[in-house]
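Chain by chain, the residues:
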Amino acid sequence: MSGKTAIAVARTIGIDTGKNTLHMIGVDSKGAIVLREKISRSQIASRLVNVPPCLIGIEAGMASHFVARELAALGHEVKQVPPAYAIPFRQGHKNDFRDAHAVAEAVERPSTRCVPIKTDSQLDLQALHRVRSRLIGNRTAVINQIRGFLLEHGIPVRQGHRFLRQQLPQILATRTDVLSPRMIRVIGDLVDDWAYLDQRIERVTDEIEALAHADKGCQQLITVPGIGPIISSAIVAAIGNGAAFAKGRDFAAWLGLVPKQMSTGDRTILGRITKRGNRYLRMLFIQGARAILLRPAGWAKHSFGSWLTAAARRMHRNVLAVALANKLARIAWTVLAQGRSYEARVEPRVESATV
């Protein structure tokens, strides 16, 4: 069968993405392989431009959003399949064509949860967040290196960057008895790196906040307690309008904020949280939950204030932070999916009648 005829009868096409080449497998209505082809990344759109609209599954990964948008513009139904969901459908040893066949099998299943195609604005926001996260990691590494060098010379500094920032000028000026001129110069260079990273982080943060204030979805998310411009923009960059999830529970489960189940028979065994999904976004939600927990006086103004007060009596603070992050994630999805701002519905207290 020629390549053009094979694509014409292919009902589903699975694509395994690579840096420079793509491997395609097409199956017909009976599940038989009718297409097996390897093409370059630049030729994928021209190869499928005259193909009747069909279901195309792409292995989610590097530059898959760009390819998915190109194929969707041609009229195809394009879905991005996470590699972990395609692995169970792979038969035999791993190679690129078998991966493409597994993607074609997985994308036909209605239960397969696919990755939504991101827009250019979402990718821009995601890039800014990744740059900011990398810069913060580099700054932490510089701070830890300075603290380690000082500790090697018998100068301990309390943990926390603000304490090091306050004490470092005095240490470099007065502890010349244990710090050599070379070590003082090395630490001085690290301080310059620290200041440069602070400036870069501040610029990227300001850009993220400006984009968040200009986006309607981010503005609605900011009304949720514990969520600011950073978290709201990260949510929009990750899930868009939240249409990939049927309910807030699914979003919280995708973030890994639910217990891991190891149940069998009639026994329900729940362990630690699964830590699946977007690790960066899960960390931000937990930080937002901890910010709320730092101010118990303000719990009553939230709709979940009574639940939070009761949970604080029986839960460890770390467990409580994760539970609150779960609740915030579900509220955030509801706000985003319904396109409205958060409204705290606080039940008025009923005062007991005095005799």
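Starting from 1, residues in each chain are numbered consecutively following that chain's sequence as written. Under the rules for a predicted model, residues below a pLDDT of 70 receive no local features and side-chain atom pairs below 80 are neither given nor counted, while totals for whole chains, interfaces and linings still include all residues. Derived side-chain values reflect all non-hydrogen atoms in the structure, with water molecules and hydrogen atoms excluded from consideration.

Participant: Provide a residue-level description of the nonpolar core, including the pertinent values.
Facilitator: In this text, buried Ala, Val, Leu, Ile, Met, Phe, Trp, Tyr and Cys residues form a nonpolar core when linked through side-chain atoms within 4.5 Å. A 1.4 Å probe rolled over the protein chains alone gives each residue an accessible area, and that area as a share of the maximum for its type sets the label: buried under 20%, exposed over 50%, partly exposed in between. Ile146, Leu150, Ile235, Phe251 and Phe285 are the most contacted members of the largest nonpolar core, which totals 63 residues. Take this core: its biggest share by element is 12 residues, from helix 14 (residues 317-338). The next biggest cluster of nonpolar side chains, apart from the first, holds 18 residues, and it includes Ile13, Ile44, Leu71 and Val78. The way it works is that DSSP assigns letters per residue, a run of H or I at least four long becomes a helix, a run of E at least two long becomes a strand, and they are numbered from the N terminus.

Participant: Describe the sheet that holds strand 2 (residues 21-27), naming the residues involved and giving the relevant values.
Facilitator: Here, any two strands with at least 2 DSSP bridges between them count as paired. Spatially, 5 strands are ordered 3-2-1-4-5 in an open sheet, and the strand pairing comes out mixed. The sheet terminates laterally at strand 3 (33-40) and strand 5 (77-81), the two strands that pair on one side only. Between one strand axis and the next, the sheet turns by 20 degrees as a mean value, whatever way the strands run. Across 4 bridges, the pairing between strand 1 (residues 12-17) and strand 4 (residues 55-59) is parallel. Looking across to strand 4, one finds that Gly14 is bridged to Gly57. In this description, contact between two residues means that some pair of their heavy atoms is separated by no more than 4.5 Å. Where helices are involved, their axes are fitted lines through C-alpha atoms of the stretch in contact, as for all axes, and angles between N-to-C directions lie from 0 to 180°. Running at roughly 135 degrees to strand 1, helix 5 (residues 96-107) makes contact with strand 1, strand 2, strand 3, strand 4 and strand 5 of the sheet.

Participant: A description of the side chain of Thr12 should follow, citing residues and the corresponding values.
Facilitator: Here Thr12 is to be found in strand 1. Since its relative accessible area comes to 2%, Thr12 is described here as buried. Polar contacts involving the side chain of Thr12 include one to the side chain of Glu108, which spans 2.7 Å. Beyond its immediate stretch of four places on either side in the chain, Thr12 contacts Ile25, Gly26, Val27, Leu55, Ala104, Val107 and Glu108. Polar contacts, as counted here, are pairs of nitrogen or oxygen atoms within 3.5 Å of one another; within protein the pair requires one atom able to donate a hydrogen and one able to accept it, and residues that are adjacent in sequence qualify only if both atoms are side-chain atoms.

Participant: Give me the packing of helix 10 (residues 229-239) against helix 12 (residues 279-293): which residues, what numbers.
Facilitator: One way to put it is that helix 10 packs onto helix 12 with a least axis distance of 10 Å and a crossing angle of 150 degrees. When the axes of helix 10 and helix 12 are compared, the pair comes out roughly antiparallel. The handedness of the crossing between helix 10 and helix 12 comes out as left-handed. On helix 12, the residues touching Ile230, Ile231, Ala234, Ile235 and Ala238 of helix 10 are Tyr280, Leu281, Leu284, Phe285 and Gly288. Relative orientations are named as follows: roughly parallel for angles under 35 degrees, roughly antiparallel for angles over 145 degrees, roughly perpendicular for angles from 65 to 115 degrees, and oblique for any other angle. Crossings are sorted by hand: turned counterclockwise from the far helix by less than a right angle, the near helix makes the crossing left-handed, and turned clockwise it makes it right-handed.

Participant: Help me get a handle on the pattern of salt bridges, residues and values and all.
Facilitator: Pairing is possible between side chains of opposite charge, provided their charged atoms come close. When a carboxyl oxygen of Asp or Glu is within 4 Å of a side-chain nitrogen of Lys or Arg, the pair counts as a salt bridge. All told, the structure shown has 10 salt bridges when counted by the stated rule. For Asp99, the salt bridge is made with Arg90, and the minimal N-O distance between the two is 3.2 Å. The closest approach of N and O atoms between Arg139 and Asp198, which form a salt bridge, is 2.8 Å. Residue Arg139 is located in helix 6 (residues 120-152), and its partner Asp198 is located in helix 8 (residues 181-214); the two are separated by 59 residues in the primary sequence. On the basis of relative accessibility, which here comes to 18%, the residue Asp198 falls in the buried class. Salt bridges sharing common partners tie together Arg90, Lys94 and Asp99.

Participant: How would you sum up helix 7 (residues 161-174)? Please name residues and give values.
Facilitator: Helices are assigned an expected span. That span is 1.5 Å times one less than the residue count. In this model, helix 7 (14 residues) spans 20 Å end to end at C-alpha, consistent with the 20 Å of a helix rising 1.5 Å per residue. For helix 7, the complete set of buried residues consists of Phe163, Leu164, Leu168, Ile171 and Leu172. For helix 7, the secondary structure elements touched by its buried residues are helix 6 and helix 8.

Participant: Break down the pairing of strand 4 for me, citing the residues and quoting the values.
Facilitator: Most of strand 4 sits inside the fold, with 5 of its 5 residues counted as buried. Side chains Leu55, Gly57 and Glu59 project from strand 4 onto one buried face, and the interleaved Ile56 and Ile58 project onto a second face that is buried too. Judged from the 5 bridges that link them, strand 4 and strand 5 form a sheet pairing that is parallel. By the bridge assignment for strand 5, Ile56 is matched with Val78. Considered for its hand, the β-α-β crossover made up of strand 4, helix 3 (residues 64-73) and strand 5 is right-handed. When the strands point away from the viewer, a crossover counts as right-handed if the path from the first strand over the helix to the second runs clockwise.

Participant: An account of the packing of aromatic side chains is needed here, citing residue identities and associated values.
Facilitator: Pairing of aromatic side chains here covers Phe, Tyr and the six-membered ring of Trp, requires ring centres within 6.5 Å, and sorts the geometry by plane angle: under 30 degrees stacked, over 60 edge-to-face, intermediate tilted. Under the criterion given, the structure shown has 4 aromatic pairs. Relative to Trp254, the ring of Phe251 lies with its centre 6.1 Å away and its plane at 20 degrees, an arrangement referred to as stacked. Highlighted residues: Phe251 and Trp254, both in helix 11 (residues 248-254), separated by 3 residues, approximately one helical turn. For Phe251, a relative accessible area of 0% puts it in the buried group. For Trp254, a relative accessible area of 28% gives the class partly exposed. When the centroid spacing of 6.2 Å and the interplanar angle of 75 degrees are considered together, the rings of Phe251 and Phe285 count as edge-to-face. With Phe251 in helix 11 and Phe285 in helix 12, this pair connects stretches of sequence that are 34 residues apart. Joined through ring pairs, the aromatic side chains of Phe245, Phe251, Trp254 and Phe285 make up one cluster. Note that Arg36 overlies the ring of Phe97, its terminal NZ or CZ placed 3.8 Å from the centroid. When the ring centre of Trp307 is taken as reference, the NZ or CZ atom of Lys327 above it lies at 4.6 Å. The criterion is that NZ of a Lys, or CZ of an Arg, lies within 6 Å of the ring centre and within 35 degrees of the ring normal, and then a charge sits over that ring.

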